[in-house]
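Spelled out, the chains give:
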Amino acid sequence: MALASSFKSPRAVFSAAVLLRVVLLVYGLFQDAYSPMKYTDIDYFVFTDAARFISQGKSPYARDTYRYTPLLAWLIYPTTWPGQMWFSFGKILFAVGDIVAGWMMFRILRSYQKMPQERALKFASIWLLNPMVATISTRGSSEGLLGVIVIALLWAVLARRIVVAGFLLGLAVHFKIYPFIYAASIVWWLDEGHSSGKKKRSGVAEKASIISHITRFVTRERLLLATTSIITFTAFNVVMYLTYGYPFLEHSYFYHLIRIDHRHNFSPYNTLLYLNSSPTTTSSSFELERLAFLPQLLLSVILIPIALAKKDLPSTMLAQTFAFVTFNKVCTSQYFLWYLIFLPFYLPHSTLLHSRPIGLTALTLWVLGQFFWLQQGYQLEFLGRSTFVPGLWMASLAFFVVNAGILGVVVRDVKGMGEAGQDAKVEKKR
């Protein structure tokens, strides 16, 4: 009863979210000090080392394996100041990002999905009170900051703040490449039907020419979004290139096209990437690896936006991200946050929530798939046992199949949202 009543108060939910992250931050200090298995993510040391190089007037890319925009290193510059608290500044910043993203999520659910406050808080808590989300950020992953940018982008589009949306889209793609996939859905969603409510004249059949189709598609809002996002993306890149030169392009962008990371990688390409990491690997196997981009981009950039964007934009962005992560050649647990942040917008009308057998089965298989993989990965990386074949490879395939099945459910649900909306309009006319 007390738990249920707590969702009636935003102050209670957000206080609990803050407390969860404070506890994890303090626990992380204890584990780092006394346990051989550290709480702090290795990536956080990469970030802070890059910030330290910047503080010395050097390039952040002087730190090996720093593959991010210099903007991230500048944001956590205070970690270079003396003291343990300052060293944890980045973790605190990322955790605050989680909270801000959750707050914006709550506002979108209230304002644009017209949810009652208590219901909106419950769905926002999927992010705010999620131990996985809180743990990843307090361990030092920067996904919390990206979450703020992406949710702010969604808000700006729904509010039709096109200039703001364009700026945020350009910033998001500069910060981390993958948000470029959202441009397709946003552009497809932005049509005259959403802004002016105009309807086609009934009984009039027109065979529009290609030029007229293009004319109707190229609207002021679409042009403004494209122009603003391109200018923003270009401006950030020009500044970083002029400051840090070619290493900025190489490590922030080009590296991700040829990366062969196989550690902590849930992808079915794991074993192939491991083989390709050998200097004796032939070029033919590398070409096979590059084919990973074809189904990934076909689904997330073309098919899903065209089929679903006009039906429900937030849920379409979930489906896009889920497809992008599932079919990516590198898939780590941090990437799960990319699509979890859209879950509160999709779940209220989803099969996963309203059909208990399907929802519980999907959740159970998703968790078991990770457990199976992590058990094999632990034996490989901590115990030194070669589990690549068949253990790790089979675990990766099983997890891929589970995610592909869940993606199918999500796509069917979003398609059904549009059809339900059309049926409702027909009933209203009657």
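Residues numbered from 1 in each chain as written. Predicted model: local features only at pLDDT ≥ 70, side-chain atom pairs only at ≥ 80, totals over all residues. Heavy atoms only, no water.

The protein carries the name GPI mannosyltransferase 1 in an unreviewed UniProt entry, which gives Westerdykella ornata as its organism. UniProt annotates the protein under Sequence similarities (unreviewed entry) with the comment "Belongs to the PIGM family." Quoted verbatim from the Subcellular location (unreviewed entry) heading of the UniProt record, the comment on the protein is "Endoplasmic reticulum membrane". (UniProt positions renumbered as here; feature names shortened; annotations may be inferred.)

*Asks:* What am I meant to see in the pattern of salt bridges here?
*Replies:* Side-chain pairs of opposite charge can arise where the charged atoms are in close proximity. Throughout the structure, instances matching the rule amount to eight salt bridges. One salt bridge in this structure joins Arg 21 and Asp 98, with 3.6 Å as the shortest N-O distance. Within this pair, whereas Arg 21 is found in helix α2 (residues 10-34), its partner Asp 98 is found in helix α6 (residues 89-111), the two being separated by 77 residues in sequence. Under the relative-accessibility criterion, Arg 21 is labelled buried at 3%. Notably, a salt bridge pairs Glu 143 with Lys 176, separated by 2.9 Å at the nearest N-O pair. On the criterion of sequence distance, the pair formed by Glu 143 in helix α9 (residues 143-158) and Lys 176 in the loop between α10 (162-175) and α11 (182-189) is long-range, its members being 33 residues apart. Across this residue pair, the class does not change: Glu 143 and Lys 176 are buried. By sharing partners, the salt bridges in this structure join Asp 49, Arg 52 and Arg 63 into a single network. (Salt bridge = Lys/Arg side-chain N within 4 Å of Asp/Glu carboxyl O. Helix = DSSP H or I, 4+ residues; strand = E, 2+ residues; numbered from the N terminus. Buried < 20%, exposed > 50% of the residue type's maximum accessible area, 1.4 Å probe, protein only.)

*Asks:* What should I look at first to understand α10 in this one?
*Replies:* Here α10 spans 20 Å end to end across 14 residues, near enough to the 20 Å set by a 1.5 Å rise per residue. Counting buried positions over the 14 residues of α10 gives eleven, a clear majority of the element. Residues of α10 that are buried: Ile 162, Ala 165, Gly 166, Leu 168, Leu 169, Gly 170, Leu 171, Ala 172, Val 173, His 174 and Phe 175. (Expected span 1.5 Å × (residues − 1).)

*Asks:* Please explain empty space enclosed by the protein as it appears in this structure.
*Replies:* A water-sized probe, rolled over the atoms, reveals where empty space remains. Tallied over the entire structure, the rule returns two cavities of 30 Å³ or more. Along the wall of the largest cavity there are 13 residues; nearest its centre are Val 325, Thr 326, Cys 331, Phe 399 and Asn 403. Every element with two or more residues in the lining of the largest cavity is listed here: α19 (313-326), α20 (336-340) and α24 (388-429). For the second largest cavity, the full set of lining residues is Trp 127, Glu 143, Leu 146, Gly 147, Val 150, Tyr 178, Leu 337, Trp 338 and Ile 341. If you list the elements that add at least two residues to the lining of the second largest cavity, you get α9 and α20. The leading source of residues in the lining of the second largest cavity is α9, at four residues. Across the lining of the second largest cavity, the residue classes tally to seven nonpolar, one polar and one charged. The two domains that each donate at least three residues to the lining of the second largest cavity are domain 1 (141-193 + 213-258) and domain 2 (259-278 + 286-420). (1 Å grid on protein atoms, 1.4 Å probe; cavity = no way out; pocket = protein on both sides within 12 Å on 5 of 7 lines; lining within 4 Å. Points joined across faces, edges and corners; volume = space filled by probe spheres on them. Nonpolar A, V, L, I, M, F, W, Y, C, P; charged D, E, K, R; others polar. Domains from an automatic or database assignment.)

*Asks:* Mind showing me how you'd approach the environment of Ile 92 here?
*Replies:* Following the sequence through the fold, Ile 92 ends up in helix α6. Along the sequence, Ile 92 and Val 22 sit 70 residues apart, while their C-alpha atoms lie 8.6 Å from each other. Ignoring any residue separated from it by four or fewer positions in sequence, one finds Ile 92 in contact with Leu 25 and Met 85. (Contact = heavy atoms within 4.5 Å.)

*Asks:* Please clarify how the packing of α6 against helix α7 (residues 117-128) should be interpreted in this entry.
*Replies:* A pair of packed helices is captured by two measures, namely the crossing angle of their axes and the spacing between those axes. Contact pair α6 / α7: the axes reach a minimum separation of 9 Å and the direction vectors enclose 150°. When the axes of α6 and α7 are compared, the pair comes out roughly antiparallel. As for how α6 packs across α7, the hand of that crossing is right-handed. Within the contact between the two elements, α6 uses Asp 98, Ile 99, Ala 101, Gly 102, Met 105, Phe 106, Leu 109 and Arg 110 and α7 uses Gln 117, Ala 120, Leu 121, Phe 123, Ala 124, Trp 127 and Leu 128. Partitioned by chemical class, the residues of the contact of α6 with α7 number eleven nonpolar, two polar and two charged. (Axes fitted to C-alpha atoms, helices over the stretch in contact; angles between N-to-C directions. Parallel < 35°, antiparallel > 145°, perpendicular 65-115°, else oblique. Left-handed = near helix turned anticlockwise from the far one by under 90°.)

*Asks:* How do you make sense of the side chain of Thr 326 when you look at a structure like this?
*Replies:* The residue Thr 326 is located in helix α19 in this model. A relative accessible area of 7% places Thr 326 in the buried class. Within the structure, the side chain of Thr 326 is placed 2.7 Å from the backbone oxygen of Phe 322, a separation counted as a polar contact. If we ignore the near neighbours within four places in the chain, the residues touching Thr 326 are Phe 400, Asn 403 and Ala 404. (Polar contact = N/O pair within 3.5 Å; in protein donor to acceptor, adjacent residues only side chain to side chain.)

*Asks:* Looking at this structure, I do not really get the nonpolar core. What am I missing?
*Replies:* Nonpolar side chains in soluble globular proteins tend to end up buried together. Of all hydrophobic cores here, the largest spans 108 residues; its most connected members are Tyr 66, Trp 127, Tyr 182, Phe 342 and Tyr 346. Of the residues forming this core, the biggest block, twelve residues, is contributed by α9. Each of domain 1 (141-193 + 213-258) and domain 2 (259-278 + 286-420) accounts for three or more of the residues forming this core. (Core = buried A, V, L, I, M, F, W, Y, C linked by side-chain atoms within 4.5 Å.)

*Asks:* What am I meant to see in unusual backbone geometry here?
*Replies:* What is expected of a backbone is that most residues other than glycine have negative phi and most peptide bonds are trans. The phi angle at Thr 65 is positive, at roughly 75°, despite the residue not being glycine. Summarising the element assignment, Thr 65 is placed in the loop between α3 (42-55) and α4 (70-75). Even without being glycine, Arg 160 reaches a positive phi, approximately 60°. Turning to its location among the elements, Arg 160 is positioned in the loop between α9 and α10.

*Asks:* Just to check I follow, could you spell out the UniProt feature "transmembrane region" (unreviewed entry) in the protein for this structure?
*Replies:* According to UniProt, the "transmembrane region" (unreviewed entry) feature falls on residues 12-30, 85-106, 127-156, 162-190, 223-244, 321-346, 358-375 and 387-411. Note that residues 223-244 is 100% helix and 0% strand, and that its end C-alpha atoms are spaced 31 Å apart.

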